Amino acid sequence: MGDSFREHGVMLYLDKTSYKAFIRPQADKGLGRSFAELLPFIEGLHHMGYLTDPEHEERVKKYSQPLCEEARPLTTEQVQQKSEVANWEKRFSLAIKEWSSMPEKSQVWHVQKAKELLDEVPNAKLVLALADGGHL
């Protein structure tokens with residue numbers, strides 16, 4: 001048989017007071033129904049001493065994850081910005097490959113652009129590292 005354990009569903013019948021208490025963490029933490037049911041259950045088992053601290057921490061981390069919002073389509077501006085970043089990423093990659101044979105004027109230009117785009121384009125840091133005498 002090995003490790004063929006399957007999760008078990010448990011049905012709870014809650015009175016009005018318990019149900020109202022149950023739905024509050026669901027709303028407060030933005031949880032889905034199953035996680036909102038499991039989180040207080042896990043807390044109770046830990047409080048009673050039936051779950052160790054590591055078991056408790058692992059499950060609380062898992063069952064505290066809020067529902068993800070649906071991905072919204074990107075705006076035209078966001079699409080354009082993403083495309084521009086990708087374009088600069090390619091340009092900086094090419095400059096990095098050709099750095100040693102690139103004219104000094106081009107290196108200076110790339111360093112200036114890398115400084116401008118340092119927070120938006122990851123490869124900008126690599127260009128600046130090369131300009132500072134670093135090797136990749």
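Residues numbered from 1 in each chain as written. Predicted model: local features only at pLDDT ≥ 70, side-chain atom pairs only at ≥ 80, totals over all residues. Heavy atoms only, no water.

Enquirer: Could you clarify how one ought to interpret the overall build of the chain in this entry?
Expert: For the chain, the count of helices and strands is six helices and zero strands. The secondary structure elements of the chain, listed N-terminal to C-terminal, are α-α-α-α-α-α. Here the C-alpha atoms of the chain give a radius of gyration of 27 Å, more than 25% beyond the 14 Å that 2.2 N^0.38 yields for 136 residues. Projected onto its principal axes, the C-alpha coordinates of the chain cover approximately 75 × 40 × 30 Å. The 136 residues of the chain split such that 21% are buried. About 11,400 Å² of surface is accessible on the chain, with carbon and sulfur atoms providing 54% of the total. Across the chain, the mean location of the 18 positive side-chain charges is 4 Å away from that of the 21 negative side-chain charges. (Helix = DSSP H or I, 4+ residues; strand = E, 2+ residues; numbered from the N terminus. Rg over C-alpha atoms; globule rule 2.2 N^0.38 Å. Buried < 20%, exposed > 50% of the residue type's maximum accessible area, 1.4 Å probe, protein only. Areas by Shrake-Rupley, 256 points an atom, 1.4 Å probe, with all protein chains shown as cover. Lys, Arg positive; Asp, Glu negative; His and termini not counted. Charge placed at Lys NZ, Arg CZ, Asp CG, Glu CD.)

Enquirer: Where do I start with the confidence of the model for the chain in this structure?
Expert: The predicted coordinates should not be examined in detail at positions where pLDDT is low. Per-residue confidence for the chain gives a mean pLDDT of 88, with 93% of residues at or over 70. Across the chain, the element-wise mean pLDDT spans from 88 in helix α1 (residues 16-29) up to 94 in helix α5 (residues 104-116). (pLDDT = per-residue confidence, 0-100.)

Enquirer: Whenever I open this one, helix α6 (residues 123-131) confuses me. Can you help?
Expert: Among the residues making up α6, those that are buried are Asn123, Ala124, Val127, Leu128 and Leu130. For α6, the angular spread of buried residues about the axis comes to 160°, placing them on one side. (Arc of directions from axis to C-beta.)

Enquirer: Would you explain the nonpolar core in this entry?
Expert: In summary, soluble globular proteins display a tendency toward joint burial of nonpolar side chains. Formed by 14 residues in total, the largest nonpolar core has its most connected members in Phe92, Trp99, Ala114, Val121 and Val127. Of all the elements in the fold, those that place two or more residues in this core are α4 (76-98), α5 and α6. Leave out the neighbours within four places in its chain, and tryptophan 99 touches Gln107, His110, Val111, Val127, Leu130 and Ala131. Among the nonpolar cores identified, the runner-up in size contains eight residues, and Ala36, Leu51, Val60 and Tyr63 belong to it. (Core = buried A, V, L, I, M, F, W, Y, C linked by side-chain atoms within 4.5 Å. Contact = heavy atoms within 4.5 Å.)

Enquirer: Please clarify how the pattern of salt bridges should be interpreted in this entry.
Expert: A pair can form between side chains of opposite charge whenever their charged atoms are brought close. Here the structure, examined in full by the defined rule, presents two salt bridges. Arginine 33 is the partner of glutamate 37 in a salt bridge, and the nearest nitrogen-oxygen pair spans 3.1 Å. With glutamate 37 and arginine 33 both in helix α2 (residues 33-47) and four residues apart, the pair spans about one turn of that helix. Taking relative accessible area as the criterion, glutamate 37 reaches 38% and is therefore assigned partly exposed. (Salt bridge = Lys/Arg side-chain N within 4 Å of Asp/Glu carboxyl O.)

Enquirer: Would you mind showing me how to read a nonpolar patch on the surface here?
Expert: Where nonpolar side chains cluster on the molecular surface, the patch consists of Val10, Leu12, Leu14, Tyr19 and Ile23 and spans about 480 Å² of accessible area. Position of isoleucine 23 among the secondary structure elements: in helix α1. (Patch = residues over 30% accessible without salt bridge, like charges linked within 9 Å, V, L, I, M, F, W, Y side chains within 5 Å.)

Enquirer: Even after reading the chapter, I still don't get the layout of surface pockets, so can you show me in this structure?
Expert: In this approach, a probe sized like a water molecule rolls over the atoms, and the result shows the empty space that is left. In this structure, the largest pocket occupies an estimated 960 Å³ of space. Along the walls of the largest pocket sit 23 residues, with His8, Val10, Glu37, Leu38 and Phe41 positioned nearest its centre. Of all elements in the fold, only α1, α2 and α3 (53-63) reach the threshold of two or more residues within the lining of the largest pocket. Residue contributions to the lining of the largest pocket peak at seven residues, all from α2. Broken down by class, the residue content of the lining of the largest pocket amounts to 14 nonpolar, three polar and six charged. (1 Å grid on protein atoms, 1.4 Å probe; cavity = no way out; pocket = protein on both sides within 12 Å on 5 of 7 lines; lining within 4 Å. Points joined across faces, edges and corners; volume = space filled by probe spheres on them. Nonpolar A, V, L, I, M, F, W, Y, C, P; charged D, E, K, R; others polar.)

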